[in-house]
Amino acid sequence: MIQVTDVVKEFGGPLARWRGEGVRALDGVTLHVPPGAAVGIVGPNGAGKSTLIRLLLGYLHPSGGGVEIGGMLPRDYAERHGVAYVPDRVEIPRSWTVRRALEAFAALGEVDGAHARIEREMARLGLAELAGRRVAALSKGNLQRLALAQALLGDRKVMILDEATDGLDPEWVARVREIVTAWREADPERVLLFASHDLEEVERVADQVVVLQAGRVREVIDLAAGRGPVPAWRLEVHDTESAHLVPSAFPGALPVQGEAHAFRVEAGSARDLSTRLRQLLDRGGVVHGVTPERLSLRERFRGQGGERKKGGRA
């Protein structure tokens, strides 16, 4: 669905580059996002996240390489099919009311059945009571929900979010996650690409994560691989006697190299894990702790361990 090939984006022009004042925001970025994927873009400030998003929307043109969505140039795709988009900075005329803003966005997007869709999204995003309130009077969280409402008005195949949950309280972050998940489930070919500094939220939503650093793809993390049908766990027991009992409750348990009382075990579900732990305890085993084997995205992003998939393909 989305293909980014060896993309370079420079700012400043030839003279600025000659003076050493040019900026290379992206440097040889290659990504492939297939239909149905949810890809998170993370990285420190200045890594190139927003530049990449603006290229995907057709607001910018690459200095080198190519960008396509659905086999078309981004601007052509957006004009023909539309893209659901929430920017990092929401700018809506301050004199408009919430309802007027959604009506304007629906008209610009040529949304069919606009009235019903506006009512639906206002209700879903808690804006119905604010329909007559001016944009200037909205809190940051309400303004962010208005931006999300306009992105959801049309039937789009591609959604691009740039810090879309910034300013929302934890309850609304969770509700937005549910809304976006429902949006994806309504059409298995829909693509979600989003940039965020909230690594825990990225881990909950994304299938894969692209880590940008200094305009390059530092790594691609496949989160879906850690959500397999048989999750792995690290099991630590108290003593040698307990260690001898582990294989009876967890057939195939693998000792952790260099640690006499730690094992890698598998369980088909949380209920299965609980049942096996109960068997171990009933037989006299003493458990120190059980933790998921897969490192969190925050740990991987900070380079605290785990294998890294180098290269630039998502």
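Presented here is an overview of the structure given in this document. Residue indices begin from 1 for each chain and proceed along its sequence in written order. Only residues with pLDDT of 70 or above have their local features reported here, since the model is predicted, and side-chain atom pairs are shown and tallied only from 80 upward, although totals for entire chains, interfaces and linings are computed over all residues. In computing side-chain properties, one takes all heavy atoms of the structure into account and sets aside hydrogens as well as water.

### Re the environment of Val 176
Under the convention used in this document: A run of DSSP states H or I qualifies as a helix once it reaches four residues; a run of E qualifies as a strand once it reaches two. Both are numbered from the N-terminal end. The contact criterion used is simple: two residues touch if any of their non-hydrogen atoms lie within 4.5 Å.
By secondary structure assignment, the location of Val 176 is in helix α7 (residues 170-185). In the structure, Val 176 is positioned 12 residues away from Ala 164 in sequence and 9.1 Å away in space, judged by C-alpha atoms. In this structure, Val 176 is in contact with Leu 148, Thr 165 and Leu 168, ignoring residues within four places of it in sequence.

### Quick notes on the pairing of strand β12 (residues 262-266)
The test is simple: Criterion used throughout: strands pair if DSSP finds at least two bridges between them.
In this sheet, β12 lies alongside strand β10 (residues 232-237) in antiparallel orientation, the contact comprising 5 bridges. Looking at β12, one finds that Leu 235 is bridged to Phe 263. As paired strands, strand β11 (residues 254-255) and β12 are joined by 2 bridges and run antiparallel to one another. Within the sheet, the bridge partner assigned to Leu 254 lies in β12 and is Arg 264. The turn joining β11 and β12, which pair antiparallel and follow one another in sequence, is formed by 6 residues; a positive phi near 85° is taken by Gly 258.

### With respect to α7
Under the convention used in this document: Any helix carries an expected span of 1.5 Å times its number of residues minus one. Buried, partly exposed and exposed residues are distinguished by accessible area as a fraction of the type maximum, computed with a 1.4 Å probe on protein chains only: under 20%, between the cut-offs, and over 50%, respectively. The directions considered for the arc are those from the helix axis to the C-beta atoms.
In this model, α7 (16 residues) spans 23 Å end to end at C-alpha, consistent with the 22 Å of a helix rising 1.5 Å per residue. Those residues of α7 that sit buried are Trp 172, Val 173, Val 176, Ile 179, Val 180, Trp 183 and Arg 184. Seen from one end, α7 has its buried residues packed into an arc of 140°, which puts them on one side. Pointing more than 90 degrees away from the buried face of α7 are the exposed residues Pro 170, Glu 171, Glu 178 and Glu 185. Against the buried residues of α7 lie β3 (38-42), α5 (114-124), α6 (140-151), β6 (158-162), β7 (191-195) and α8 (199-205).

### A few points about the packing of aromatic side chains
Going by this rule: Centres within 6.5 Å make a pair out of two Phe, Tyr or Trp rings, where for Trp the six-membered ring is used; the pair is then stacked when the planes are under 30 degrees apart, edge-to-face when over 60, and tilted otherwise. Lysine and arginine charges are scored as sitting over a ring when NZ or CZ, respectively, is within 6 Å of the ring centre and within 35 degrees of the ring normal.
Evaluated as defined, the whole model comprises 1 aromatic pair. Ring geometry for Tyr 59 and Tyr 85: centres 6.2 Å apart, planes at 70°, overall edge-to-face. Of this pair, Tyr 59 sits in the loop between α2 (49-57) and β4 (64-69) while Tyr 85 sits in strand β5 (residues 84-86); the two residues are 26 residues apart in sequence, bridging distant segments of the chain. Overall, Tyr 85 belongs to the buried group, its relative accessible area being 16%. Geometry around Phe 11 places Lys 9 over its ring, the cationic atom sitting 5.2 Å from the centre. It is Arg 175 that lies over the ring of Trp 172; its NZ or CZ is 4.0 Å from the centre.

### Re the sheet that holds β3
What counts is decided by this rule: Here, axes are lines fitted to C-alpha atoms. For helices the fit covers the stretch in contact, and angles between N-to-C directions go from 0 to 180 degrees.
Across the sheet, which stays open at both edges, the 6 strands sit in the order β5-β6-β7-β3-β8-β9 with mixed pairing between neighbours. Edge positions in the sheet fall to β5 and β9 (216-222), since each has one partner strand and no second. Ignoring strand direction, the axes of neighbouring strands in this sheet form an average angle of 15°. For strand β8 (residues 208-213) and β9, the ladder comprises 6 bridges, and the chain directions are antiparallel. Looking at β9, one finds that Val 210 is bridged to Val 220.

### A look at the sheet that holds strand β13 (residues 287-292)
On the basis of which strands lie adjacent, the open sheet formed by 4 strands has the order β11-β12-β10-β13 and antiparallel pairing. Here the strands that pair on one side only, and so sit at the sheet edges, are β11 and β13. Lying on the sheet, helix α9 (residues 240-249) is in contact with β10 and β12; it crosses β10 at an angle near 150°. Relative to β13, helix α10 (residues 270-282) is tilted by about 165°, and along the sheet it contacts β10, β12 and β13.

### Thoughts on the pattern of salt bridges
Any two side chains of opposite charge can pair, given that their charged atoms come close. Inclusion rule: We count a salt bridge whenever a side-chain nitrogen from Lys or Arg sits within 4 Å of a carboxyl oxygen from Asp or Glu.
Throughout the structure, instances matching the rule amount to 19 salt bridges. Linking Arg 117 and Asp 155 is a salt bridge whose minimum nitrogen-to-oxygen distance equals 2.8 Å. Here Arg 117 is found in helix α5, whereas its partner Asp 155 is found in the loop between α6 and β6, with 38 residues between them in sequence. Note that Arg 204 and Glu 201 form a salt bridge whose closest N and O atoms lie 3.4 Å from each other.

### A few points about the nonpolar core
So the rule is basically this: We define the nonpolar core as a collection of buried residues of types Ala, Val, Leu, Ile, Met, Phe, Trp, Tyr and Cys that are connected through side-chain atoms lying within 4.5 Å of one another.
Judged by nonpolar contacts, the single largest core of 48 residues is most densely connected at Leu 146, Leu 192 and Val 209. Apart from residues lying up to four places away in sequence, Val 209 is in contact with Gly 40, Val 42, Val 202, Glu 219, Val 220, Ile 221, Leu 223 and Leu 297. Grouped together as the second largest cluster of nonpolar side chains are 32 residues, Val 29, Val 67, Tyr 77 and Tyr 85 included.

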